[in-house]
Amino acid sequence: DAGVIQSPRHEVTEMGQEVTLRCKPISGHDYLFWYRQTMMRGLELLIYFNNNVPIDDSGMPEDRFSAKMPNASFSTLKIQPSEPRDSAVYFCASSLVTGGADTQYFGPGTRLTVL
Amino acid sequence: GNSVTQMEGPVTLSEEAFLTINCTYTATGYPSLFWYVQYPGEGLQLLLKATKADDKGSNKGFEATYRKETTSFHLEKGSVQVSDSAVYFCAHGGATNKLIFGTGTLLAVQP
């Protein structure tokens, strides 16, 4: 199994540009999670999906952030327009059944730098 | 509300020393408990877990026991190695389908 795949691994962009992060979960997993990690705020859950449907987006910081899951094998997190304070490592994770009680498998992350 | 509290780092140890990283939680009911590890430049990966009271999770020489009476899940290892240097996260999961993570504890093992 290839595990959770994220792309790109690194992204450097300028303030105001649109950024799209991509994630391919483990095949057969029903839940997909997007996290953000910074030194100041630690690991934050942004949004999660169950069977491609967004269940809880209460962690999305503001309207500049949006996430989609058009099918079971692909999800995107978009930031438009990006700002320097969005600089962080963004992780995607997936799990098989009930995400709370089951193991989440994390991707390697996308390190985003907004100049 | 639901939360996880783990000891502040960094924890600096010499190779072969004994490790304890404390973790306590507040939760509704009896959630599953997890320890995740994050090596430099990588994503989090599951280290061990326990799904009910008195269960002991173990992996790679690490152990943690689900203590319902003290709402704790402390991580221990008898003899750490330089390769164990990483950030360790305690977490619990429950009916909300979300994992609640602690703030992470940086472990640095010196040769």
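Presented here is a report on the structure given in the accompanying data block. From a predicted model like this one, the values you see are computed outputs, not experimental measurements.

Criteria and thresholds
- Residues numbered from 1 in each chain as written.
- Chains lettered and ligands numbered in written order.
- Predicted model: local features only at pLDDT ≥ 70, side-chain atom pairs only at ≥ 80, totals over all residues.
- Heavy atoms only, no water.
- Pairing = 2+ DSSP bridges.
- Helix = DSSP H or I, 4+ residues; strand = E, 2+ residues; numbered from the N terminus.
- Axes fitted to C-alpha atoms, helices over the stretch in contact; angles between N-to-C directions.
- Contact = heavy atoms within 4.5 Å.
- Salt bridge = Lys/Arg side-chain N within 4 Å of Asp/Glu carboxyl O.
- Polar contact = N/O pair within 3.5 Å; in protein donor to acceptor, adjacent residues only side chain to side chain.
- Buried < 20%, exposed > 50% of the residue type's maximum accessible area, 1.4 Å probe, protein only.

Points about the sheet that holds strand S3 (residues 19-24) of chain A
Residues and elements named next belong to chain A.
- If you walk across this open sheet you meet the four strands as S1-S3-S8-S7, and the pairing is antiparallel. Among the strands making up the open sheet, the edge pair consists of strand S1 (5-7) and strand S7 (65-71). Taken pair by pair, the neighbouring strands of this sheet meet at an average axis angle of 15°, ignoring direction.
- Examined bridge by bridge, S1 and S3 share three bridges and lie antiparallel to one another. Each bridged residue has a counterpart across the sheet, and for glutamine 6 the counterpart in S3 is cysteine 23.

Section: the interface of chain A and chain B
- On the chain B side, the residues contacting the 21 residues of chain A number 18 residues.
- On the surface where chain A and chain B come into contact, there are one salt bridge.
- A salt bridge links Lys98(B) to Asp56(A); the shortest N-O distance between them is 2.8 Å.
- At the junction of chain A and chain B, the tally comes to four residue pairs in polar contact (both at pLDDT 80 or more).

What about the side chain of Asp84(B)?
Residues and elements named next belong to chain B.
- As for its position among the elements, aspartate 84 is in the loop between strand S9 (75-77) and strand S10 (86-93).
- Reaching out from aspartate 84, the side chain makes a polar contact with the backbone nitrogen of glutamine 81 at a distance of 2.8 Å.
- Ignoring anything within four residues of it in the chain, the contact list for aspartate 84 reads Phe62, Lys77 and Leu107.

Digging into the pairing of strand S5 (residues 32-38) of chain B
All names here are of chain B.
- Along S5, seven of the seven residues are buried, which leaves the element largely enclosed by surrounding structure.
- Every second residue of S5 is oriented toward a common face, with Ser32, Phe34, Tyr36 and Gln38 on one face and Leu33, Trp35 and Val37 on the other, all of them buried.
- Relative to S10, S5 runs antiparallel, the two sharing seven bridges. Residue pairing in the sheet places leucine 33 in a bridge with histidine 92 of S10.
- Here S5 pairs with strand S6 (residues 44-50) via six bridges, running antiparallel. Along S6, the bridge assignment pairs phenylalanine 34 with lysine 49.
- Taking the residues between adjacent antiparallel strands as the criterion, S5 and S6 are bridged by five residues, where glycine 41 takes a positive phi near 75°.

A few points about the pairing of strand S8 (residues 74-79) of chain A
Residues and elements named next belong to chain A.
- Here five bridges tie S3 to S8, and the two strands are oriented antiparallel to one another. When the sheet's bridge partners are listed, cysteine 23 is paired in S8 with serine 75.
- Sheet topology places S7 next to S8; five bridges connect them, and they run antiparallel. The residue bridging asparagine 71 from the neighbouring strand is phenylalanine 74, located in S8.

Some thoughts on the sheet that holds strand S8 (residues 62-65) of chain B
Residues and elements named next belong to chain B.
- On the basis of which strands lie adjacent, the open sheet formed by four strands has the order S3-S9-S8-S7 and antiparallel pairing. Bordering the open sheet on either side are strand S3 (19-21) and strand S7 (56-59), each of which pairs with just one other strand. The mean angle between the axes of side-by-side strands here comes to 15°, regardless of whether they run parallel or antiparallel.
- Across three bridges, S8 lies against S9 in antiparallel orientation. Along S9, the bridge assignment pairs alanine 64 with leucine 75.

Section: the pattern of salt bridges
Residues and elements named next belong to chain A.
- As enumerated under the stated definition, the model contains 12 salt bridges over all chains in all.
- Two residues, glutamate 62 and arginine 85, come together in a salt bridge whose shortest N-O distance is 3.3 Å. Remark: arginine 85 occurs in the loop between S8 and strand S9 (88-95) and glutamate 62 occurs in the loop between strand S6 (53-56) and S7; sequence separation between them is 23 residues.
- The salt bridge partner of arginine 64 is glutamate 83, with a shortest N-O separation of 3.5 Å. Of the two residues, arginine 64 is situated in the loop between S6 and S7 and glutamate 83 in the loop between S8 and S9; the sequence distance between them amounts to 19 residues.

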